[in-house]
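Analysis of the macromolecular model
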Amino acid sequence: MPLYEHVLIARQDLSNTQAEGLIEHFSTVLADNGGKVVDNEYWGVRTLAYKINKNRKGHYAFLRSDAPADAVQEMERLARLHDDVMRVMTIRVDTHEEGPSVQMQKREERGERGDRGERRERRERN
């Protein structure tokens, strides 16, 4: 079956348990339609880049799934109809990465950004 990664953004006025309940709800939808959730992460409340439905913040959730396309379409359809979900994004991936997502890693574990150090060195030379 194809592998997918999903990111859900829920309203900021939900509690943490309600937001995690949404993860369980959509995991169940995928399981009922023949798929399975390999991993899920709750990223917490984060500030949005722009307002969505008059909200400046939202609860972010991340799911990795192994599901047929019909199950993913049904999950997306139900997420778009759900009042608490503001946005849904699903991408198909070739393989799931091991370990936590980039959002959950500490800054030290992510590695260095290549071009920032080079710019700093150029400034120091001039």
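Anything mentioned here points back to the structure above.
Below: a short report on this structure. (Residues numbered from 1 in each chain as written. Predicted model: local features only at pLDDT ≥ 70, side-chain atom pairs only at ≥ 80, totals over all residues. Heavy atoms only, no water.)

1. Thoughts on the packing of aromatic side chains
Within the structure shown, the criterion is met by two aromatic pairs. The interplanar angle of 20° and the centroid separation of 6.4 Å between the aromatic rings of tryptophan 43 and tyrosine 60 together place this pair among those described as stacked. Taken as a pair, tryptophan 43 in strand β2 (residues 36-52) and tyrosine 60 in strand β3 (residues 55-66) lie far apart in primary sequence, 17 residues in all. On the basis of relative accessibility, which here comes to 15%, the residue tryptophan 43 falls in the buried class. Within the aromatic cluster, the residues linked to one another by ring pairs are Trp43, Tyr60 and Phe62. (Phe/Tyr/Trp six-rings, centres within 6.5 Å; stacked < 30°, edge-to-face > 60°. Helix = DSSP H or I, 4+ residues; strand = E, 2+ residues; numbered from the N terminus. Buried < 20%, exposed > 50% of the residue type's maximum accessible area, 1.4 Å probe, protein only.)

2. Quick notes on the pattern of salt bridges
Considering all chains together, one arrives at five salt bridges under this definition. The partner of arginine 64 in a salt bridge is glutamate 5, with the nearest N and O atoms 3.9 Å apart. With arginine 64 in strand β3 and glutamate 5 in strand β1 (residues 3-11), this pair connects stretches of sequence that are 59 residues apart. Across the pair, exposure class does not vary: arginine 64 and glutamate 5 are buried alike. The salt bridge involving glutamate 74 is made with arginine 77; its shortest N-O contact spans 2.9 Å. Of the two residues, glutamate 74 and arginine 77 both sit in helix α2 (residues 69-81), three residues apart, roughly one turn of that helix. Residue arginine 77 is classed as partly exposed on the basis of its relative accessible area of 43%. Among the charged side chains, a network of salt bridges with common partners joins Glu5, Asp39 and Arg64. (Salt bridge = Lys/Arg side-chain N within 4 Å of Asp/Glu carboxyl O.)

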